[in-house]
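# Residue-level structural notes
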Amino acid sequence: MDASDERDDADLRAQMEEIEALSSIYGDEWCVIDEAARVFCIRVSDDSQRPTLTLCLQIILPPDYPSSAPPVYQINAGWLRGADRMTLANSLEELYVENTGESILYLWVEKIREFLVEKSQSADGPEMGKTVTTEEEGHDYDEDDLPDYSMLKLTNQTAQLLSSVSDDEELPLIKHRETITDRRSTFQPHLAAVVTPKQVQRVLNHLYENKKIASATHNIYAYRIYCEDKNSFLQDCEDDGETAAGGRLLHLLQILDVRNVLVVVSRWYGGILLGPDRFKHINNCARNILIQEGYTDTSEEASKAGGKNKRPKGKKAK
């Protein structure tokens with residue numbers, strides 16, 4: 001065995017020991033995204049009992065970590081922006097430089113926790129309520145190519161329905177389908193038949209209870225509900241920081257003329273920019289699950305793309 005192989009074996013052993021230790025230390029805060037690809041997520045809060053600030057540290061361990069390469073990481077927190085995000089990133093990089101060649105994740109997590117405590121106790125606090133975006137925002141799509149969804153904002157009545165979900169509202173069956181992986185980014189679709197806005201929120205709440213889904217960099221969704229009495233659609237979409245992705249997803253649902261369905265696509269960012277390909281993967285995930293669940297088929301898809309107005313296959317409101 002040459003020196004390179006020995007170093008690789010040493011790195012693998014170090015990673016396994018570190019993963020085991022972190023899982024033991026952080027328990028439910030530690031989440032395995034893809035064990036084979038060495039993708040993990042750690043949920044970090046300022047206070048374990050009554051957290052006010054929380055973020056997810058998504059990490060990928062390259063084969064030559066810790067001997068000669070740092071972990072690839074992504075900080076997921078909608079409120080963390082601008083100078084604060086840069087300050088935290090710089091502190092993590094400084095820690096790595098100071099401890100090159102050593103396992104670094106525990107130090108990173110505790111540094112993040114320290115940052116959150118200081119931030120929550122500061123006078124200004126975080127800038128809450130702002131949308132998180134990826135570093136891919138605004139670099140690879142043409143605004144003119146996007147449908148106009150400025151009129152799709154929720155009405156006051158719908159917003160009230162979504163914000164006050166009753167416990168007796170039935171939770172629809174949620175389906176999950178195969179993932180698409182490209183350059184370390186992973187996409188997975190989820191689907192549920194919905195006939196009310198309350199059911200939409202119940203599904204979303206249930207999905208976010210799943211640690212893996214909650215740790216996704218983005219959870220993009222769109223839904224269409226057919227209102228027979230008004231012969232119209234109640235529909236909306238959410239980018240969740242993946243700029244323009246929600247609008248494109250809703251546009252797909254409109255093209256396929258599907259109804260009474262919610263589609264969510266989770267994306268775990270892998271550290272490599274995908275450019276416009278990310279929109280292709282999101283819509284391919286959504287199209288695949290719609291076909292697999294019987295909402296449309298390839299022949300109907302082709303005819304709709306050609307401008308014919310066929311009714312969707314099955315899954316109609318009762």
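First, a word on scope: everything that follows refers to the structure included in this document. (Residues numbered from 1 in each chain as written. Predicted model: local features only at pLDDT ≥ 70, side-chain atom pairs only at ≥ 80, totals over all residues. Heavy atoms only, no water.)

### Examining the pairing of strand S1 (residues 30-34)
We count it as follows: Two strands are said to pair when DSSP picks up at least two bridges between them. Per the convention used, a helix needs a DSSP run of H or I reaching at least four residues, while a strand needs a run of E reaching at least two, with both numbered from the N terminus.
The pairing of S1 with strand S2 (residues 39-45) spans 4 bridges and is classified as antiparallel. Across the sheet, Asp34 pairs through a bridge with Val39, a residue of S2. Counting the residues in the hairpin turn of S1 and S2 gives 4 residues, including Arg38, whose phi is positive at 60°.

### Points about unusual backbone geometry
Selection criterion: Using a 1.4 Å probe on the protein chains alone, a residue whose accessible area is under 20% of its type maximum counts as buried, one over 50% counts as exposed, and one in between counts as partly exposed.
Here the amide bond leading from Tyr65 into Pro66 is cis, since omega sits at 10°, within 30 degrees of zero. Tracing the backbone through its elements, the reader meets Pro66 in the loop between strand S3 (54-60) and strand S4 (72-76). Of note, Arg38 is a non-glycine position whose phi angle comes to about 60°, a positive value. Tracing the chain through its elements places Arg38 in the loop between S1 and S2. You can call Arg38 buried: its relative accessible area is 15%.

### Focus: the packing of aromatic side chains
For clarity, the cut-off: Centre distance within 6.5 Å is the pairing criterion for rings of Phe, Tyr and Trp, where only the six-membered ring of Trp is used; planes under 30 degrees apart are then read as stacked, over 60 as edge-to-face, and the remainder as tilted. Each ring is checked for a lysine NZ or an arginine CZ that lies within 6 Å of its centre and within 35 degrees of its normal; such an atom marks a charge sitting over the ring.
Across all of its chains, the model carries 4 aromatic pairs by this definition. Both rings, one in Tyr73 and one in Trp108, keep their centres 5.2 Å apart while their planes meet at 70°; by these two values the pair is edge-to-face. Within this pair, whereas Tyr73 is found in strand S4, its partner Trp108 is found in helix H3 (residues 105-121), the two being separated by 35 residues in sequence. A relative accessible area of 2% means that Trp108 is categorised as buried. Note that Arg224 overlies the ring of Phe233, its terminal NZ or CZ placed 3.7 Å from the centroid. Above the ring of Tyr226, the side-chain terminus of Arg259 is found at 4.6 Å from the ring centroid.

These figures capture arrangement, not role.
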